[in-house]
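Coordinate analysis (summary)
Letter by letter, the chains look like this.
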Number of protein chains: 2
Amino acid sequence: MSDVITAGMVVIGDEILSGRTKDKNIGHLADMLTAVGIDLKEVRIVGDEQRAIVEAVNSLRAAYTYVFTTGGIGPTHDDITADAIAAAFGVPCTYHPEAYALLEAHYAARGVEFTEARKRMARTPEGASLIANPVSVAPGFNIGNVYVMAGVPSVFQAMLDKVIPTLRTGQKLISEGIHCTFPEGTIGGPLGDIQKAHPETIIGSYPKFDTTGAWTEIVVRSRSREKLDAAVRAVKEMLDSLGQRS
Amino acid sequence: MSDVITAGMVVIGDEILSGRTKDKNIGHLADMLTAVGIDLKEVRIVGDEQRAIVEAVNSLRAAYTYVFTTGGIGPTHDDITADAIAAAFGVPCTYHPEAYALLEAHYAARGVEFTEARKRMARTPEGASLIANPVSVAPGFNIGNVYVMAGVPSVFQAMLDKVIPTLRTGQKLISEGIHCTFPEGTIGGPLGDIQKAHPETIIGSYPKFDTTGAWTEIVVRSRSREKLDAAVRAVKEMLDSLGQRS
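Conventions and cut-offs
Residues numbered from 1 in each chain as written. Chains lettered and ligands numbered in written order. Predicted model: local features only at pLDDT ≥ 70, side-chain atom pairs only at ≥ 80, totals over all residues. Heavy atoms only, no water. Helix = DSSP H or I, 4+ residues; strand = E, 2+ residues; numbered from the N terminus. Rg over C-alpha atoms; globule rule 2.2 N^0.38 Å. Buried < 20%, exposed > 50% of the residue type's maximum accessible area, 1.4 Å probe, protein only. Contact = heavy atoms within 4.5 Å. Areas by Shrake-Rupley, 256 points an atom, 1.4 Å probe, with all protein chains shown as cover. Lys, Arg positive; Asp, Glu negative; His and termini not counted. Charge placed at Lys NZ, Arg CZ, Asp CG, Glu CD. Salt bridge = Lys/Arg side-chain N within 4 Å of Asp/Glu carboxyl O.

Moving on, we come to the overall build of chain A. A count of helical and extended segments in chain A gives 9 helices and 11 strands. Taken over the C-alpha trace, chain A has a radius of gyration of 23 Å; the compact-globule value for 246 residues is 18 Å, which it surpasses by more than 25%. Dimensions of chain A, computed from the C-alpha atoms along their principal axes, are close to 70 × 40 × 35 Å. When each of the 246 residues of chain A is scored for burial, the buried share is 53%. Within chain A, contacts between residues at least 6 apart in sequence are counted, and of these 68% link residues at least 24 apart. By element, 52% of the accessible surface of chain A is carried by carbon and sulfur atoms, the whole surface being about 10,600 Å². Of the charged side chains in chain A, 24 are positive and 29 negative, and the gap between their average positions amounts to 2 Å.

This part takes up unusual backbone geometry. For residues other than glycine, phi is negative in most cases, and the peptide bonds are mostly trans. With a phi angle near 70°, A:Val137 is a residue other than glycine that sits in the positive phi range. With respect to the helices, strands and loops of the structure, A:Val137 is situated in the loop between strand E6 (129–131) and strand E7 (140–143).

Another point: the pattern of salt bridges. One side chain can pair with another of opposite charge once the charged atoms of both are near each other. Following the criterion strictly, the structure yields 28 salt bridges over all chains and no others. With its nearest N and O atoms 3.9 Å apart, the salt bridge here joins A:Glu217 to A:Lys208. Using a relative accessible area of 23% as the deciding quantity, one classes A:Glu217 as partly exposed. Here A:Lys208 falls in the partly exposed class, since its relative accessible area comes to 27%. Taking the shortest distance from any N to any O, the salt bridge between B:Arg44 and B:Glu42 comes out at 2.8 Å. For the residue pair B:Arg44 and B:Glu42, the accessibility class agrees, reading buried in each case. Linked through salt bridges whose partners overlap, the residues forming this network are A:Lys41, B:Glu49, B:Arg51 and B:Glu55.

Next comes the structure, spelled out in C-alpha cells:
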C-alpha cells in the first residue's frame, strides 16, 4: 500500500505534563488527519527542554511522512521550540525576514513597542517557510517534513487549516461501527478469528457499560470498501449465530 | 536534588490516534502525580502494535523512575498490552493464578461462561503482581517499574488510586500564579532575566485572551518555599515597575 501517509505529533509544554493545562490539540489533529487519510501513528508529549524536544522530533521525522508540533512558539523565555527545531535540523535559528516584517508592521499599526520578546516570535530555523496565523499574527513554520504550530487551540486549529491542503493525503481509511449487545468476553474469541481471516481490515472492539449492562461497540476499518464489507458481514453473521437480536 | 522522582506514561490504543476516542487519562495522571511530587516527564501515545509498545515502554522505563500505561488489557484480539510488556521485559506471558481464580469466581457467580477471551484478562508477564480493579474485576499489573492499567477512565482512575500510595513520592513542586495585565510580548524580556536570576524555580508564562484584551498568567514553581517566594517577589516588582495596578 504505497499510498499510506503517516504522521507523528510532538506536544511541547511543561503545563501539559503538570496537568495545569489539559491538551485539546491531540484529538483535533487526530480527527483532521483521519479525515484526509493520513495515519497518525505516534504522539509524544515533552516538556520545555531542548534535549527532549530534539530527541522526539528527530525520532518522529525519521519514522513518519509528516511531524506536527504544538506549543512553545510565543515570546517568552520558556518558548524554545524554534531553537530546538533548528538544533534538530542542525541549522541556525535566525529572524525570518517575512515574519519580522509582518510582526513589526502589526505592532507599529497598534502603537505597541516591538520588544526583544516580541521579536523572538520572528525567529525560525534557517530555510523554514511560514505558516500563516490568521488569529494572532505570529506565524508557525515548516522545515523539511516538520510543521511547527502554536499550542493555543484556536491558533493551532487555524494554522492546521492552512497546512492540511498542502499535504500529500492518503487513501482514506473507511470504517463501520457495529452495535453488539454482548460483552467483549463473549465475542472476543470469534472476533479474533474474523480479524485473522480478514487481514486487510483493522477490527477494534470497545467495551461499553450503561444501564442495560455491558455491551460492545465493534469498529471495522479498511482502505477497501469491498474488504470492509466482507469483514462487516462476517461480524454480523457471528453475532447472529450467537443469538443477537437485530 | 536526589529526591526528584520522575515518570513516563504510555497511552496504548488505535482509537486515540484515529480521534475516535479522546484521551481523558493523561490529564488525570498528570494531576495526580503533581499532587504527590512525582514529575511526569514524557507521554507517548502508540497504537495496538507490539513493536511500538515495546519500544515506548523500554525507552521510558530506562529513563524514568516509574512508567504508567493505559489501554489494551481487555479480552479481545486487539488487547495486546500484556504480551507486549512481557516482550519488553523478555519474559513469558502466562495466566496469573490469582487473576485467573478471581475472574473464574467472578464469572461463575454470575453464571457467565469463562470464555477463552475472558481468560485472556488473567494473563500477565511472569513475575508481575496484580493491581486491583474495584470497578470491573479484571486486574492491572505491575512488573519492575511499570504499572499497567485499563484505558476506560473510571477503571484507570480506580486502579491508580490503588497504585499511588505504594509509590516513592518526591518533594512536592509548589507553585504560585501571578495575574499579569500585560501581554507576553511586554514582559517577556524582563521575565527571562528573572528566570536566569532564580535558577531553582521554573517560571512559566501563559498567554490569555478575553474581552479585556491580551494578558498573561505567570506561574512560578519550585521545590523550595523560600526560593519560590523570592522569585514571586521579583516578578511582582517587575510588574509594578511597568506600571501594573494591583
